[in-house]
Amino acid sequence: MPEEQSQTIMAVDELQAIIQRCQILEEADFKGEDFSLFQVAGQKCLEDGYAAQLLEVIQNEKNKVIIKNMGWNLISPLVRCIFMYKQEDDKREHCLKILDQLAQLCNPKELFLGLLEQIEQASGEQVCQTVMLLLQPLQTVLLKLQNKKAYSLGLSLAMIMNQLTPLPVPYTKQQIQEDKLGLCQCCNAVVDFTKPFVNEVIKNMEKSSEYNDMELKEELLKFCMKCLKYPLLTAQLEQLEGIEEHPFRHFATEIIDVLWDIRELIPLVFLHHKSISPHWENQEFADIEQKNSADSLACLSYLMFVQHFGIDCFPMVFSPSYLLQCNMKHIEVLLKRTEESMLSKGLDLVKVMTLCPIEHLRKKSLNILQLFIDKFDTEGKYTLFRCLLKTSNHAGVEGYIIKNIKDQIHLSLTRACDNIWFTGHHLISLLDLVLLLPEGAETDLLQNSDRIMASLNLLRYLVIKDCESDNQTGVWTTLAKIEQNFLKPLHVGLNMSKAHYEAEIKNKKENRREAHSSNTVCSVTVSGEKMPAMTTEMQLQVLHSALFTFDLIESVLARVEELIEVKIKAVMDENS
């Protein structure tokens, strides 16, 4: 008989011998030695590839009591073997069936601890694989637990999140699609894992409006708060072309749904404005949440007000000033962070307030934004300005940032200390974002007038303050690029825009003569949005105002080009 076959038969025989001995014992008579022998024999069967024989033993009704008490000891070798076999291997399938059987038959308390131990011991690339493998048996076991179900769920979720949190969050489109460590898939699997417990909370609340058993709800809320901080605060949540269902957007939707289902979504949005709901019995938890939840709440605000997750649930009864007040703390939290993914979320929240239709609130918001800007050192300001120029998509904000850039350049040129961030190659890189038209000559100059005027004023300042011989800012080095990307397209755009608006004015005047009354009401569309009904006279005023804006831009443009020409001529005269 071959040696390998002999060893396998020995392993199966040993297991059968232990089983036969234990079958005649009462449950209370099982000894530590029995547990050890069962574990060793079962492990050997698994490692030798005879999971099918072990499965038969476990499924045998006569062995039910033995498996109930001893089966959990097989979890560790079982998980090891599952990862050892390939997906299509029959042996792996047998191992998965054994795992399912153990979840059904074993003592829930013992198996629960065994499963958590495996999750805790996982590391590196196997963390997500292990979590996803054990979620189903873990859920089965938790649903069997009557006492301490909430505590055990909280322990499970805390363990899982502690294991996931050190993993890097996929950020780029390629990283999300590859999902190298399985984090995207794992996060969504974990939130699915919680659904039976969410449903239990919902049923209990429906039975009684005075639902007193808050423990399960409390654990689910803790989990959601952790998920808001990781991975959602770090994750890229913009819709990405080519990804039909963005895994983190789906995850965010699920977390918002859980919060809504357990009736904590709206209270959380306003949590910073009042303490955690007084029904929390665990004051220690309340204190910890108050101290550590700032990042999570800022992320929640971003999800609702920027990405509009859960916005359909949000009551539309709050004034813009109140919502602005609510968001200020969150914006402060996010803008203090240096990580681009978090800083950009803060900038997106800034957009919410700067697009506010109420003028005095908008001005107040900009004052607050300036206070935040002033808190950064020069490198921080530089990074902040770059991010805002890339993400704001709002000419008013961009104009305001360009004015701040001008102020920083002025400080750099007038102070004795050397500032590398707003001079030289760093500044040139920043000017590439400032001194250009977003859509070239076809840019909507009226819509972007704030940004264009701020850019021209900055360029005029640079030409006046920085001599070509010194070239501290680098503007003279990059002048050809500025002319190509900014000045020439602006000339073309101004000519096109003025011709268009002058033709519109002519048409309006001709139509007015033909109309029966100068009070004929017409409609006007600006930037794709239909404006309130206006008379022809009102429309003419708007068109003339636009021409005035173009004349103003053209005047400053001419002055800038004149200054450039004078400076260049002076240098040429010196050299001749």
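Refer to the structure presented above.
Along each chain, residue indices are assigned from 1 in the same order as the chain's sequence is written. The predicted origin of the model limits local features to residues at a pLDDT of at least 70 and limits the giving and counting of side-chain atom pairs to 80 or more, whereas totals for whole chains, interfaces and linings rest on all residues. Here the side-chain values reflect all heavy atoms present in the structure, with hydrogen atoms and water set aside.

Enquirer: How should the overall build of the chain be read in this particular structure?
Expert: Along the chain, the regular secondary structure elements total 26 helices and four strands. Exposure is judged per residue with a 1.4 Å probe applied to protein chains only, and the accessible area is read against the type maximum: over 50% gives exposed, under 20% gives buried, and values in between give partly exposed. For the chain, the residues scored as buried account for 48% of the 576 residues in total. Partitioning the intrachain contacts of the chain with sequence separation of at least 6 by distance along the chain shows that 73% fall at a separation of at least 24. For every accessible area listed, the method is Shrake-Rupley and the probe measures 1.4 Å; residues are considered covered only by the protein chains on display. Of the roughly 29600 Å² of accessible surface on the chain, a fraction of 50% belongs to carbon and sulfur atoms. Runs of E in the DSSP output that reach at least two residues are strands. Runs of H or I that reach at least four are helices, and both are numbered from the N terminus. By the convention used here, residues are in contact when the closest approach between their heavy atoms is within 4.5 Å.

Enquirer: Help me out: how do you make sense of the side chain of Ser 152 in this one?
Expert: Its place among the elements puts Ser 152 in helix H9 (residues 149-164). For Ser 152, the side chain forms a polar contact with the main-chain oxygen of Lys 148, separated by 2.8 Å. What Ser 152 contacts, discounting residues up to four positions off in sequence, is Phe 112, Leu 142 and Leu 145. Any N or O atom pair separated by 3.5 Å or less is treated as a polar contact, with the protein-specific requirement of one donor-capable and one acceptor-capable atom, and with residues adjacent in sequence counted only for side-chain atom pairs.

Enquirer: Help me out: how do you make sense of the nonpolar core in this one?
Expert: Side chains of nonpolar character tend, in soluble globular proteins, to be buried together. In plain words, nonpolar cores are sets of buried Ala, Val, Leu, Ile, Met, Phe, Trp, Tyr and Cys residues tied together by side-chain atoms within 4.5 Å. In this structure, Leu 164, Ile 255, Leu 303, Leu 335, Leu 456 and Leu 490 are the most contacted members of the largest nonpolar core, which totals 176 residues. The greatest single-element share of this core, amounting to eleven residues, is contributed by helix H26 (residues 536-575). Ignoring sequence-local partners within four residues, the contact set of Leu 490 consists of Leu 437, Leu 445, Ile 452, Leu 456, Ile 553 and Leu 557.

Enquirer: Mind showing me how you'd approach helix H23 (residues 424-434) here?
Expert: It helps to recall that an α-helix has 3.6 residues per turn; residues three or four apart then point in one direction. Of the positions making up H23, those classed as buried are His 426, Leu 427, Leu 430, Leu 431 and Val 434. Viewed end-on, H23 has its buried residues packed into an arc of 135 degrees, placing them on one side of the element. Summarising the contacts, the buried residues of H23 are in contact with helix H21 (378-391), helix H22 (395-414) and helix H24 (449-465). The arc in question is the one traced by the directions running from the helix axis out to the C-beta atoms.

Enquirer: Would you mind showing me how to read the side chain of Asp 179 here?
Expert: Looking at the element boundaries, Asp 179 is found in the loop between helix H10 (173-178) and helix H11 (183-193). Working convention for charge: Lys and Arg count positive, Asp and Glu count negative, and His plus the chain ends are omitted. Salt bridge, as applied in this entry: a Lys or Arg side-chain nitrogen positioned within 4 Å of an Asp or Glu carboxyl oxygen. One buried charged side chain, Asp 179, makes no salt bridge at all; its nearest oppositely charged neighbour is Lys 180, positioned 11 Å away.

Enquirer: Honestly, the pattern of salt bridges in this entry has me stumped. Any pointers?
Expert: Any two side chains of opposite charge can pair if their charged atoms end up close together. Under the definition given, this model contains 15 salt bridges. Across the pair Glu 264 and Lys 217 runs a salt bridge whose closest N-O atoms are separated by 3.4 Å. Here Glu 264 is found in the loop between helix H14 (247-261) and helix H15 (265-269), whereas its partner Lys 217 is found in helix H13 (residues 215-232), with 47 residues between them in sequence. For Lys 217, a relative accessible area of 5% translates into the label buried. In the salt-bridge network here, residues are joined through shared partners; they are Asp 192, Lys 195 and Glu 254.

Enquirer: Explain the packing of aromatic side chains here, please?
Expert: Geometrically, a pair of aromatic rings is defined through the distance of the ring centres and the angle of the planes. Whether two aromatic rings pair depends on their centres lying within 6.5 Å, for rings of Phe, Tyr and Trp, where Trp uses its six-membered ring; planes under 30 degrees apart make the pair stacked, over 60 edge-to-face, and the rest tilted. All chains considered together, the criterion is met by six aromatic pairs. Ring centres 6.0 Å apart and planes at 80 degrees place the aromatic pair Tyr 382 and Phe 422 in the edge-to-face group. With Tyr 382 in helix H21 and Phe 422 in the loop between H22 and H23, this residue pair connects regions lying 40 residues apart in the sequence. You'll find Tyr 382 and Phe 422 in the same group, each marked buried. A network of ring pairs unites the aromatic residues Tyr 382, Phe 385, Trp 421 and Phe 422 as a single cluster. Taking NZ or CZ as reference, Lys 406 lies 5.1 Å from the ring centre of Tyr 461, over its face. Comment: the charge-over-ring label is applied if NZ (Lys) or CZ (Arg) is within 6 Å of the ring centre and within 35 degrees of the ring normal.

Enquirer: It is not clear to me how unusual backbone geometry should be interpreted in this structure. Could you clarify?
Expert: Residues apart from glycine generally show negative phi values, whereas peptide bonds are mostly found in trans. Here the amide bond leading from Tyr 230 into Pro 231 is cis, since omega sits at 10 degrees, within 30 degrees of zero. Tracing the sequence through the fold places Pro 231 in helix H13. Despite not being glycine, His 308 has its phi angle at roughly 65 degrees, a positive value. In this fold, His 308 is placed in the loop between helix H17 (294-305) and helix H18 (320-335). Residue Asn 471 is not a glycine yet carries a positive backbone phi of 50 degrees.

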